[in-house]
Amino acid sequence: MLKQRIITGALLGIVFLLCLFFLPWLGFTVFVALVLLIGAWEWANLASFETLYQRLIYTAATLLLMICVAFYVGMDHHLIKQTEVRNVLLVAGTWWALALLWVQGYPSSTVLWGSRWVRALMGWLVLIPSWLSLSYLHQYSNGSWLILLVMMIVVIADSGAYFSGKAFGRRKLVVQVSPGKSWEGFWGGLFCCSLLGLIVASSTGFKEWLSLFVIVLLTALASVLGDLLESMIKRHRDVKDSGTILPGHGGVLDRIDSITAAAPIFTLGVILSGWSL
């Protein structure tokens, strides 16, 4: 199982990097959309839409909403409008603030989101802003490196939390949602991301280093929340994985849950601060 997991993870990483650095903007946007549409297929089941036609309808509705957002932000003219993107991401940021309250309040909070229709809406708020965020970042002259930085923050936050939790973990973070996570792991992950922020800032001559430091920390926090939110939905649905498409890893959502929260927060931070590599 571990060997299979490593091989699958390595292949996924190679495919993503090739698409990130060698596809043109439109190709990368379509690639991310396809990945997230697979995520929508899986989310439909998490929302208790179990039959084939229900899951197809939900996935098609997700695609339709993506197209609507694309027109709203100007993708049809190959020039994404920053103000419109900011508006969408402000909605996403508000949503993730609400999601934090729901995760903290689980299982009592299920009275607010337990309905499959509310969970369906949650899926769109998770998937569509993350697609828009990555598409928007990719249009920057150094957009591929910005996206790679987001991925590094997510990986370092997760790895730092894992090893810190293994070594020092005593107090549970949100035991009802994810019993394996600890506060010590959480702070360890943030510390590692802080070091990453300082390293990146030093490589850019510490220009606007405080903005970068805040963006990195908020992105790391969001990545933890994205992971916890999917864990909460899976626990409510009583399933271990979101799907079975990735050998040794489960479903697509199991691999991108942190990114779906981290990407919108990072992009919103870049827009509001004006920071860039």
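Just above sits the structure.
The structure contained in this document is the topic of the report that follows.

The rules behind these values
Going along each chain's sequence as written, the residues are numbered from 1 onward. Reporting in this predicted model follows two pLDDT cut-offs: at least 70 for local features of residues, and 80 or more for side-chain atom pairs to be given and counted; totals over whole chains, interfaces and linings ignore these cut-offs and use all residues. The side-chain numbers reported here are obtained from all heavy atoms of the structure, hydrogens and water having been left aside. By the criteria applied, helices consist of DSSP H or I runs no shorter than four residues and strands consist of E runs no shorter than two, each listed in order from the N terminus. Only protein chains enter the accessibility calculation, which uses a 1.4 Å probe; a residue whose area is less than 20% of its type maximum is buried, one above 50% is exposed, and one in between is partly exposed. Contact definition: two residues touch when any of their heavy atoms are within 4.5 Å. Every case where a carboxyl oxygen of Asp or Glu lies within 4 Å of a side-chain nitrogen of Lys or Arg is listed as a salt bridge. Residues grouped as a nonpolar core are buried Ala, Val, Leu, Ile, Met, Phe, Trp, Tyr and Cys residues, joined through side-chain atoms within 4.5 Å. The span one expects for a helix is its residue count, reduced by one, times 1.5 Å. What qualifies as a polar contact is a pair of N or O atoms within 3.5 Å, subject to a donor-acceptor requirement within protein and to the restriction that residues adjacent in sequence count only when both atoms come from side chains. Nonpolar side chains (Val, Leu, Ile, Met, Phe, Trp, Tyr) are joined into patches within 5 Å and like charges within 9 Å, using only residues with over 30% relative accessible area and no salt bridge. The accessible surface values rely on the Shrake-Rupley method and a 1.4 Å probe; as for residues, cover is taken only from the protein chains in view. Side-chain rings of Phe, Tyr and Trp, where Trp is taken by its six-membered ring, are said to pair if the distance between their centres is within 6.5 Å; with planes under 30 degrees apart they count as stacked, over 60 as edge-to-face, and otherwise as tilted. Two strands make a pair as long as DSSP finds a minimum of two bridges between them. Under this scheme, a helix contributes an axis fitted over its contacting stretch, all axes are lines through C-alpha atoms, and angles between N-to-C directions fall in the 0 to 180 degree range. Roughly parallel covers angles under 35 degrees, roughly antiparallel covers those over 145, roughly perpendicular covers 65 to 115, and oblique covers all other angles. Residue polarity follows a fixed list, in which Ala, Val, Leu, Ile, Met, Phe, Trp, Tyr, Cys and Pro are nonpolar, Asp, Glu, Lys and Arg are charged, and the others, Gly among them, are polar.

## Here's the deal with the environment of Met-75
Step number 1: By the secondary structure assignment, Met-75 is in the loop between α3 (52–73) and α4 (82–104).
Step number 2: Residue Met-75 is classed as buried on the basis of its relative accessible area, which comes to 9%.
Step number 3: Residues Met-75 and Gly-185, 110 residues apart in the sequence, show an inter-C-alpha distance of 40 Å.
Step number 4: Beyond its immediate chain neighbours, meaning those up to four positions away, Met-75 contacts Trp-25, Thr-29, Ala-70, Ile-80, Trp-131, Leu-132 and Ser-135.

## Re the pattern of salt bridges
Step number 1: Scanning all chains against the criterion turns up four salt bridges.
Step number 2: Between Lys-234 and Asp-254 there is a salt bridge whose closest N-O contact spans 2.9 Å. Of the two residues, Lys-234 is situated in helix α9 (residues 209–237) and Asp-254 in helix α10 (residues 252–273); the sequence distance between them amounts to 20 residues. As far as the burial class goes, Lys-234 and Asp-254 line up, both buried.

## Examining the nonpolar core
One recurring pattern in soluble globular proteins: nonpolar side chains tend to sit buried together.
Step number 1: Core analysis: the largest hydrophobic core is formed by 85 residues, its most contacted members being Trp-43, Trp-131, Leu-229, Met-232 and Phe-266.
Step number 2: The element best represented in this core is α10, accounting for twelve residues.
Step number 3: Leave out the neighbours within four places in its chain, and Phe-266 touches Leu-137, Leu-146, Leu-149, Val-150, Ile-153, Ile-215, Thr-219 and Trp-275.

## Quick notes on helix α6 (residues 116–138)
Step number 1: A rise of 1.5 Å per residue sets the reference length of α6, with its 23 residues, at 33 Å; its end C-alpha atoms lie 33 Å apart and thus fit the reference within 8%.
Step number 2: α6 sits mainly inside the fold: 17 of its 23 residues count as buried.
Step number 3: Of the residues that open α6, the one with a side-chain oxygen 3.2 Å from the backbone nitrogen of Trp-117 is Ser-115.

## Description of a nonpolar patch on the surface
Step number 1: A contiguous nonpolar patch, built from Ile-7, Leu-11, Ile-14, Leu-17, Leu-18, Phe-21, Phe-22 and Trp-145 and spanning about 830 Å² of accessible area, is present on the exposed surface.
Step number 2: Per-element tally for the nonpolar patch: the top contributor is helix α1 (residues 2–22), with seven residues.
Step number 3: Looking at the element boundaries, Ile-7 is found in helix α1.

## Comments concerning the packing of aromatic side chains
Step number 1: Within the structure shown, the criterion is met by 14 aromatic pairs.
Step number 2: Taking the centre distance of 5.6 Å and the plane angle of 50° together, the rings of Trp-95 and Trp-96 count as tilted.
Step number 3: Note on Trp-95: relative accessible area 4%, which makes it buried.
Step number 4: Since its relative accessible area comes to 3%, Trp-96 is described here as buried.
Step number 5: A centroid spacing of 5.2 Å and a plane angle of 80° characterise the contact between Tyr-162 and Phe-163, whose relative ring orientation is edge-to-face.

## Looking at the side chain of Ser-133
Step number 1: Looking at the secondary structure, you find Ser-133 in helix α6.
Step number 2: Within the structure, Ser-133 has its side chain in polar contact with the backbone oxygen of Pro-129 (distance 2.7 Å).
Step number 3: Aside from chain neighbours lying at most four places away, what touches Ser-133 is Leu-89, Ala-263, Pro-264 and Thr-267.

## Remarks on helix α2 (residues 25–46)
Step number 1: Between its terminal C-alpha atoms α2 stretches 31 Å, which fits the 32 Å expected from 22 residues at 1.5 Å a residue.
Step number 2: Backbone geometry just after α2 places Ser-48 at a positive phi near 75°.

## Quick notes on the pairing of strand β2 (residues 178–182)
Step number 1: One ladder, built from two bridges, connects strand β1 (residues 172–174) with β2; its direction is antiparallel. If you follow Lys-172 over to β2, its bridge partner there is Ser-182.

## Section: the side chain of Thr-29
Step number 1: Here Thr-29 lies in helix α2.
Step number 2: Excluding residues that lie within four positions of it along the chain, Thr-29 makes contacts with Met-75, Trp-131 and Ser-135.

## Observations concerning the environment of Thr-260
Step number 1: By the secondary structure assignment, Thr-260 is in helix α10.
Step number 2: The sequence separation of Thr-260 and Ser-223 amounts to 37 residues, and the corresponding C-alpha distance is 7.8 Å.
Step number 3: Excluding residues that lie within four positions of it along the chain, Thr-260 makes contacts with Trp-96, Val-126, Leu-127 and Ser-130.
Step number 4: Here Asp-257 takes part through its backbone oxygen, which lies 2.6 Å from a polar atom of the side chain of Thr-260.

## A word on the packing of α6 against helix α7 (residues 143–168)
Step number 1: Where α6 meets α7, the closest approach of the two axes is 7 Å, and the angle between their N-to-C directions is 140°. As the angle between them shows, α6 and α7 are arranged oblique. On the side of α6, the interface is formed by Leu-134, Leu-137 and His-138, while α7 contributes Gly-143, Ser-144, Leu-146, Ile-147, Val-150 and Met-151.
Step number 2: Grouping the amino acids of the contact of α6 with α7 by side-chain chemistry returns six nonpolar, three polar and no charged.

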